[in-house]
Amino acid sequence: MTRILQISDPHIGVPGRLLGGMIDTAAALSRTVEWIARNLRAIGPVDAVIVTGDLVESGRPEEYAHFLRLIAPLPLPWFAIPGNHDNREVMREAFSHLHWMPDHGAINLHLQFDRLDVVALDSHVPGAGHGILGNGTLGFLDRALDTAGRRPVLVAVHHHPFRSGIKAMDALALLSPEPLLAGHRAGAQLVCGHLHRAVTTVAAGVLCLSCPSPSHAVALRLQPEQPLALMLEPGAIMLHCAEEGAIRSHLVPTAPAPGPIEAGA
């Protein structure tokens, strides 16, 4: 079995600064890293962690340095792609010591594990909230799928390629997602972030899942006139497990909770 943890949208700022004056994103990421370390025996073995964008809030070098300090205790290899809040070139420089970081161009990754291929795609558009997959990135996806053959494939991207029903977020979705969805094949599963909520849907025949943030949620406002708002809902990550040619995905809250309460107790 191959197991991959997904963290999305940590939005780390400069040390000591709260997002919106009240959201401690650094504490939330630290809490998530501690949860993973504490529960690894129960959920593992885990092969790697993929961070699906918006690692930091403003794309500043000091924010990436802070992110690296916070994630350093993670007892697993990790990989990341940029989101709309990131800065691709600043991120590249900050992570240049990591073997998986491309030295130029889009930050696209093809990670091969025992039972699973992970193809992570860069949808970042400098200065914009929406996402786009360039021709080079779509070509990267095609080549990765060809290489994967009949193996299960988890395709990861920051921006959601489907309609969530939250109008303010759908205005900032992945533009022209048709080539991404059409490029899939049977058995491939798509995961994203950006929405700060767990949403499951099928778009153009492709199973799509969005991962919540460790720190804060986008308010579930489904009326078109409602503005974007944030909620301090419990943070969560996702665990994707590949076995016997299929992928199972678990939503994993990371807030403290009573238990485990053994059956029959």
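Once a new chain begins, its residue numbering starts again from 1 and follows that chain's sequence as written. Only residues with pLDDT of at least 70 get local features here, since the model is predicted, and only at 80 or more are side-chain atom pairs given and counted; chain-wide, interface and lining totals rely on the full set of residues. The basis for every side-chain value is the complete set of heavy atoms in the structure, and neither hydrogens nor water enter the calculation.

Undergrad: What is the right way to look at the sheet that holds strand β13 (residues 246-253) in this model?
TA: Pairing between the strands of a sheet is mediated by backbone hydrogen bonds and can be parallel or antiparallel. One requirement defines pairing of two strands: DSSP has to find at least two bridges between them. Secondary structure is summarised from DSSP: a helix means a run of H or I of at least four residues, a strand means a run of E of at least two, and numbering begins at the N terminus for each. Pairing within the open sheet is mixed, and its five strands lie in the order β3-β2-β1-β12-β13. Where the open sheet ends on each side, the last strands, each with one partner, are β3 (78-81) and β13. Between one strand axis and the next, the sheet turns through 25° on average, direction left out of account. Sheet analysis places strand β2 (residues 48-52) next to β3, joined by four bridges and oriented parallel. Directly across from T52, in β3, lies its bridge partner I81. Residue contacts are defined here by distance: any two heavy atoms, one from each residue, within 4.5 Å place the two residues in contact. All axes are obtained by fitting lines to C-alpha atoms, using only the stretch in contact for helices, and the reported angles, taken between N-to-C directions, cover 0 to 180 degrees. Strand contacts of helix α1 (residues 25-43): β1 (2-7), β12 (236-243) and β13, with the helix running at about 160° to β1, the strand carrying the most contacts.

Undergrad: Would you take a moment to explain the packing of α1 against helix α2 (residues 61-71) for this structure?
TA: What describes two packed helices is the angle between their axes and the distance between those same axes. Interhelical geometry of α1 versus α2 gives an angle of 30° and a closest axis separation of 9 Å. Classified by the angle their axes make, α1 and α2 are roughly parallel. Once α1 is placed against α2, the crossing between them reads as right-handed. Contacts from A26, L29, S30 and V33 in α1 reach H66, F67, L70 and I71 in α2. When grouped by side-chain class, the residues that make up the contact of α1 with α2 number six nonpolar, two polar and no charged. These descriptions rest on fixed angle ranges, namely under 35 degrees for roughly parallel, over 145 for roughly antiparallel, 65 to 115 for roughly perpendicular, and the rest for oblique. When the near helix sits turned anticlockwise from the far one by under a right angle, the crossing is termed left-handed; a clockwise turn instead gives a right-handed crossing. In this classification, Asp, Glu, Lys and Arg are treated as charged, Ala, Val, Leu, Ile, Met, Phe, Trp, Tyr, Cys and Pro as nonpolar, and every other residue, Gly included, as polar.

Undergrad: Just to check I follow, could you spell out α2 for this structure?
TA: Residues spaced three or four apart along an α-helix point in a common direction, a consequence of the helix completing one turn every 3.6 residues. Looking only at α2, the buried set comprises E63, Y64, H66, F67, L70 and I71. For α2, the arc enclosing every buried residue in end-on projection is 155°, short of the 170-degree limit, so these residues lie on one face. Considering only its buried residues, α2 is in contact with α1, β2, β3 and α3 (88-94). Buried residues are those whose accessible area, probed at 1.4 Å on protein chains only, stays under 20% of the maximum for their type, while exposed residues exceed 50% and partly exposed ones sit between those limits. What the arc measures is the spread of directions leading from the helix axis to the C-beta atoms.

Undergrad: Just to check I follow, could you spell out the state of the cysteines for this structure?
TA: Among covalent bonds in proteins, the disulfide is the one between the sulfur atoms of two cysteines. A pair of cysteine sulfur atoms is labelled a disulfide when the two atoms are within 2.5 Å. Within this structure, the stated rule accounts for zero disulfides. Looking at the unpaired C192, the closest cysteine sulfur is the one in C208, lying at 7.1 Å. Free cysteine: C241, not disulfide-bonded; nearest cysteine sulfur from C211 at 13 Å.

Undergrad: For this particular structure, what's the right way to read the sheet that holds strand β7 (residues 188-192)?
TA: Across the sheet, which stays open at both edges, the six strands sit in the order β4-β5-β6-β7-β9-β8 with mixed pairing between neighbours. In this open sheet, the two edge strands, each paired with only one partner strand, are β4 (109-112) and β8 (199-203). On average, each strand axis in the sheet is inclined to that of its neighbour by 20°, with strand direction left out of account. Pairing between strand β6 (residues 153-157) and β7: four bridges, direction parallel. Opposite A156, over in β7, you have V191 as the bridge partner. Lying over the sheet, helix α4 (residues 135-148) contacts β4, β5 (117-121) and β6, oriented at roughly 180° with respect to β5.

Undergrad: Where do I start with the pairing of β2 in this structure?
TA: Regular strands show a simple pattern: their side chains alternate between the two faces of the sheet. Burial analysis of β2 places five of its five residues in the buried class, which makes it a mostly covered element. Judged by which residues are buried, β2 turns out to be covered on both faces: A48, I50 and T52 on one side and V49 and V51 on the other are all buried. Note that β1 and β2 share four bridges and pair parallel. Residue pairing across strands places I4 opposite A48, the latter belonging to β2. Handedness of the crossover is the feature at issue here: the chain leaves β1, passes through α1, returns alongside β2, and the resulting connection is right-handed. As for the winding sense of the linkage, the β-α-β connection from β2 through α2 to β3 is right-handed. A clockwise course of the path from the first strand over the helix to the second, judged with the strands pointing away from the viewer, identifies a crossover as right-handed.

Undergrad: Just to check I follow, could you spell out the pattern of salt bridges for this structure?
TA: What counts as a salt bridge is simple: a side-chain nitrogen of Lys or Arg found within 4 Å of a carboxyl oxygen of Asp or Glu. Throughout the structure, instances matching the rule amount to seven salt bridges. The salt bridge partner of R197 is E233, with a shortest N-O separation of 3.2 Å. Of this pair, R197 sits in the loop between β7 and β8 while E233 sits in the loop between β11 (230-231) and β12; the two residues are 36 residues apart in sequence, bridging distant segments of the chain.

In short, shape yes, function no, at least from these values alone.
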